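Structural characterization, general
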Amino acid sequence: MDCLFCKIIAGEIPSTKVYEDDMVYAFNDINPVAPVHILIIPKKHISSAAEISSENSAVISHIFEVAAKLAKEKELDNGFRIVTNCGEDAGQSVHHLHFHLIGGRFLGLKMVEE
Ligand code: 5GP
Ligand code: ZN
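1. Digging into the overall build of the chain
In terms of regular secondary structure, the chain is built from 2 helices and 5 strands. Along the chain, helices (α) and strands (β) appear in the sequence α-β-β-β-α-β-β when read from the amino end. Against the globule reference of 13 Å for 114 residues, the chain gives a C-alpha radius of gyration of 14 Å, in line with a compact fold. Overall size of the chain, expressed as C-alpha extent along the three principal axes, is 35 × 35 × 30 Å. Residue burial in the chain is summarised as follows: out of 114 residues, 36% are buried.

2. Describing the coordination of the zinc ion (ligand 2)
Around the zinc ion (ligand 2), the protein contributes the donor atoms Cys-3 (SG), Cys-6 (SG), His-45 (ND1) and His-96 (ND1), at 2.1 to 2.3 Å from the metal centre. If you look at the zinc ion (ligand 2), its 4 donor atoms make angles of 101 to 117 degrees with each other, and the shape they trace is tetrahedral. Donor residues for the zinc ion (ligand 2) sit on one chain with the sequence pattern C-x2-C-x38-H-x50-H. Of this pair, Cys-3 sits in the segment before α1 (4–10) while His-45 sits in the loop between β3 (36–42) and α2 (58–73), placing them 42 residues apart in sequence.

3. A look at the environment of Met-111
Here Met-111 shows up in the segment after β5 (99–103). Counting along the chain gives 30 residues from Met-111 to Arg-81, while the straight-line C-alpha distance between them is 10.0 Å.

Definitions and cut-offs
Residues numbered from 1 in each chain as written. Chains lettered and ligands numbered in written order. Predicted model: local features only at pLDDT ≥ 70, side-chain atom pairs only at ≥ 80, totals over all residues. Heavy atoms only, no water. Helix = DSSP H or I, 4+ residues; strand = E, 2+ residues; numbered from the N terminus. Rg over C-alpha atoms; globule rule 2.2 N^0.38 Å. Buried < 20%, exposed > 50% of the residue type's maximum accessible area, 1.4 Å probe, protein only. Donors = N, O, S within 2.8 Å, 3.2 Å for Na, K, Ca; no water. Tetrahedral: all angles 85-135°; square planar, octahedral: opposite > 155°, others 65-115°.

Purely geometric stuff here, so don't read any function into it on its own.
Spelled out as structure tokens, the structure:
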């Protein structure tokens, strides 16, 4: 499958690994928007949040456990944001489900552009 993040998991494209276990891989975003900007992804390919179902959702709770652990490790005690963009209107640019863990500065009060 021609998927950028599957290639990153396979080690075919280099990345800065932050965490890995049998279900998930986490690495620094190549274009960070804040001092901490980590992408947490399931190892098994899921295209987007629209494809989450009872068949594959166990990894989602695990991703949020990993996010909480990484937020503690990165000392994001003042807060952080977890974002997943799904589809064209949300600007999803890589079609392998990923959760952005962003923090380390004030992130603003607006959730979206007006
Ligand atoms: P999206 O726009 O789909 O929500 O997020 C995709 C994210 O992947 C972007 O923040 C972008 O900077 C990041 N990204 C794209 N290509 C690469 C890459 O080759 N390596 C890494 N580490 N991040 C990437
Ligand atoms: Zn993939």
